[in-house]
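Descriptive analysis of the structure
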Amino acid sequence: MTPPATPDPDLQHALSDPGFTPGRRHFAALMEMLEAAGEPAELAERALRRAGAAALPAALERAAGATPALRAPLTRLVGKLMAAAPLDPDVSQRARDYLLACLRDDDRRTRRMAAVALGKPHAADAGRSLVEQALADAARGERSPDVRRALIDALGKVGGSAALDALAELGGDDIAGVRARAELLARRTLTRGEPSEIAGDRAPERPLRVAVRCRRGLEAILAEELAALDAGSPGGALVPELRSDPCGGTRVEVVLSGRLDALFGARTMLSFALPLPLRKLDEGADLAAAVAERLISREAREILRRFTQGAIRYRIDWAGGGKRRAAVFRAAAAVEAEAPELVNDPTQSTWDMVVYEGGGRVRVELAPRLPDPRFAYRRGDVPAASHPTIAAALARIAGVRGDDVVWDPFVGSGLELCERALLGPYRRLVGSDRDPRALQIARENLDAAGARDAELLQRDACGAPPPGEPPTLILTNPPLGRRVERTGDLDAMLDRFVEGAARALAPGGRMVWISPFPERTEATARRSGLRPEALLRVDMGGFDAQIQSFHKEALRPHASHERRVDRRDRPVPGRGGRGPQQAELRGEQHRPHRQEQRDHHRDDDPEPPRAVRRHIGDQPDAVGRPEGRRRRRG
C-alpha cells in the first residue's frame, strides 16, 4: 500500500484552527489524510464536515476507486455529510445508492460504516422502504458479529414491518440485547403515524395534586397567582402549599379540580407536572426498575389516559441531569412488557417523565407538553433580555394603579412593559434604550401585547427622564454584567441610575428592578431618599440577583390609617436574619406586600392568598397572615 502523501504544511497549520473551513481546493488532500490513523485523520474529518454539503460530491468521487483502508473512513464521512442542509436531491440519491452498495462491500469496516450511516434519519427518510429492505437482507446474510450488530441497530432506527420481521428471524445470545433494543425502537417508529396530543381543556376525574415550579426566589409570588386563578369557578379556588424536600426540591403544590390548562394563568410559572406517589429506593436497588414500576402504576395510567388524545408517547428526563441511556432503555423495556400502550419516544413525546432522587426515595412527575400561550406577544428578542417569568414577577410586585405613569429606562425587548400592560390599567407607558434595534423589537412586542399606545424613546438610562409627567413607577431590568455590559464600571453606572431614578420619581412613586449588586444599590437608594419595600434574591438562570422594590415618600405626611411594613420582617441580604417565610428555604425570599392607597393612588392589585402553607420535608408549617389580621407598619 502506498503511504499517504505528506500534507501541505500550511494545511496542517490551518487544521489546528478549530474555525478553519476548507475550500474545494483542500478536499483532495484532506480526504487522503483520512487513511492515516490518529489525530491528523480526526482533524481532517472535522474540517470536511465543517465544509458540509459542498464536500459530499468530492467524497463520493474519491470513494469510488479508494482502497479499503480509505474507503471505510470515506463511507463514514459520506454518512455524516448527508446531515448537511440544504442537500441537492441528486447528490442525496447518489450518496444513498453508494451506502446501499457498501452493504455488500468485501471490506468489513466499510459495511459497518454504511450500516451506521443508513440508520440515521437523513439517510432513511427519503427512501425508507428501500433502505429498510436492504438492511434486512444484509442482516440475514451477515456473518461478522460487529457488522451484524450495526445492521440490527440500524433496522431498529429505520423501523417498519420489514425491519421487525427481519429482527424476529435473527437469533443468537450474542445479539439478544441489541435486538431487543432494536425491536423496541422499530415498534416506536410504527406508532408515529398515529396523532398524539394533550387535552388541556379536560379536568381530572377527581382532584389531582400538581407540582408547579418557578425561578428560585419567586415561590411566594407564584403562590399568590395560583391562589387567585380559579376562585369562584366550579372547581373551587386553589390553595397553594410551599414544599421543600430532598426528593423533589422546592416547589408550590396545589390540588387541581378544573381544567389542566388553567394553570397557564400563573405568569411566573416555569412548568407544572403531576407527581406520582413516592417510592422507597433501597440501597443497591435498580433505579430503572423503580421508574418503570411508577410509570405502569394505576395512578400513572389513569392520568395518561385522561389527558392524552391518541397515542401515549413519553420520554424520561433526569432532574439531576444526564441522559443515562442504559437506564432509560431498561425502564422503557420493562414498561413496554407490562403496558405496551405507553410508547417511549423521545423525539415525538407528549409527556416528560421527570425523575427526582434523594433521601432514599424516587419521585416521578408526569409533565404534559402543552403549548404555552402566555408569552405569544414575543415577536423578537435582544441579547440578555429578561426571561418573561421574571418580567411578570417584576410587574406583579409593582402592582396596578390606574393612573400609573410607567417608565422602563432599559427597555430592551420591552417584556416588563408588556407584562405591566397585561396586568391592568395605567395612564402612560414609556420605554427608553440606547439601542435603536432594541426599540424596534420592543415596538413589535408591545404592539402584539396590545400596548400600542406605549411610547419608545432613544436615550441613555442615566440621562433625563422622559418629558411630561414624572413617572409614578420605574419598572426595569438593567444590564447585569453577564452578557452585554462588559465595562468595569457597571456598579458605578447603576449607582448613577439609582440616583437619577430617585430624582425622576414622582412623590409617592415606586421603583421595582433587578440589581446585581444588592447591598450597594440599596445603600445608594436609601441615600437618595428611597425606602426599600421588598427584597428578593432570585435565580436569574445560573447566577443570583436581587429584585428590589423601593418607595419614594410623598410630599405630605401620609394619613394615620395607612398601613406600614414592619422592617423587622423584611430580609436584607448581608444584614443577617430572614423573614418568617424564609426559614429553611434556599435563597432569600420575600412575599411582596400589597400596595395600599398612597398619595391618592388606587391599588388594583389582587388580594394575596389568605394562607399559603409551607411544607419542609413532611411537616406542614403555616405561612402567611391569619384571616382577618393585617400587619401594621411601625
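A brief look at the structure comes next. In this text, all values refer to a predicted model and were calculated from it rather than measured experimentally.

Moving on: the nonpolar core. Across soluble globular proteins, nonpolar side chains show a tendency to be buried alongside one another. The biggest cluster of nonpolar side chains holds 86 residues, and the ones touching the most others in it are Ile316, Trp351 and Leu366. It is helix α17 (residues 388-398) that provides the largest number of residues to this core, a total of seven residues. Ranked by size, the runner-up nonpolar core spans 54 residues in total, among them Phe20, Ala44, Ala136 and Ala182.

This paragraph deals with the side chain of Gln546. Tracing the backbone through its elements, the reader meets Gln546 in strand β18 (residues 544-552). Within the structure, the side chain of Gln546 is placed 2.8 Å from the side chain of Gln548, a separation counted as a polar contact.

Taken N-terminus to C-terminus, the directions of helix α13 (residues 219-228) and α17 make an angle of 75°; their axes are 11 Å apart at the nearest point. In terms of their interaxial angle, α13 and α17 are classed as roughly perpendicular. Of the residues in α17, those in contact with Ile221, Glu224 and Glu225 of α13 are Ala393, Arg396 and Ile397. Its residues assigned to classes, the contact of α13 with α17 shows three nonpolar, no polar and three charged.

Extensive coverage of strand β16 (residues 510-515) is indicated by the burial of six of its six residues. Both faces of β16 are covered, namely the face carrying Arg510, Val512 and Ile514 and the face carrying Met511, Trp513 and Ser515. Examined bridge by bridge, β16 and β18 share six bridges and lie antiparallel to one another. When the bridges of β18 are listed, Ile514 appears paired with Ile547.

The next thing to look at is the packing of aromatic side chains. What the rule picks out here adds up to four aromatic pairs. Here Phe375 and Tyr377 contribute two aromatic rings whose centre-to-centre distance is 6.3 Å and whose plane-to-plane angle is 90°, an arrangement assigned as edge-to-face. Exposure remark for Tyr377: the relative accessible area of 4% places this residue in the buried category. Three or more aromatic residues link up through ring pairs in this structure, and these residues are Phe410, Phe497 and Trp513. Note that Arg324 overlies the ring of Trp318, its terminal NZ or CZ placed 4.6 Å from the centroid.

Definitions and limits used
Residues numbered from 1 in each chain as written. Predicted model: local features only at pLDDT ≥ 70, side-chain atom pairs only at ≥ 80, totals over all residues. Heavy atoms only, no water. Core = buried A, V, L, I, M, F, W, Y, C linked by side-chain atoms within 4.5 Å. Buried < 20%, exposed > 50% of the residue type's maximum accessible area, 1.4 Å probe, protein only. Helix = DSSP H or I, 4+ residues; strand = E, 2+ residues; numbered from the N terminus. Polar contact = N/O pair within 3.5 Å; in protein donor to acceptor, adjacent residues only side chain to side chain. Axes fitted to C-alpha atoms, helices over the stretch in contact; angles between N-to-C directions. Parallel < 35°, antiparallel > 145°, perpendicular 65-115°, else oblique. Contact = heavy atoms within 4.5 Å. Nonpolar A, V, L, I, M, F, W, Y, C, P; charged D, E, K, R; others polar. Pairing = 2+ DSSP bridges. Phe/Tyr/Trp six-rings, centres within 6.5 Å; stacked < 30°, edge-to-face > 60°. Lys NZ or Arg CZ within 6 Å of the ring centre and 35° of its normal.

Distances and angles like these do not, on their own, reveal function.
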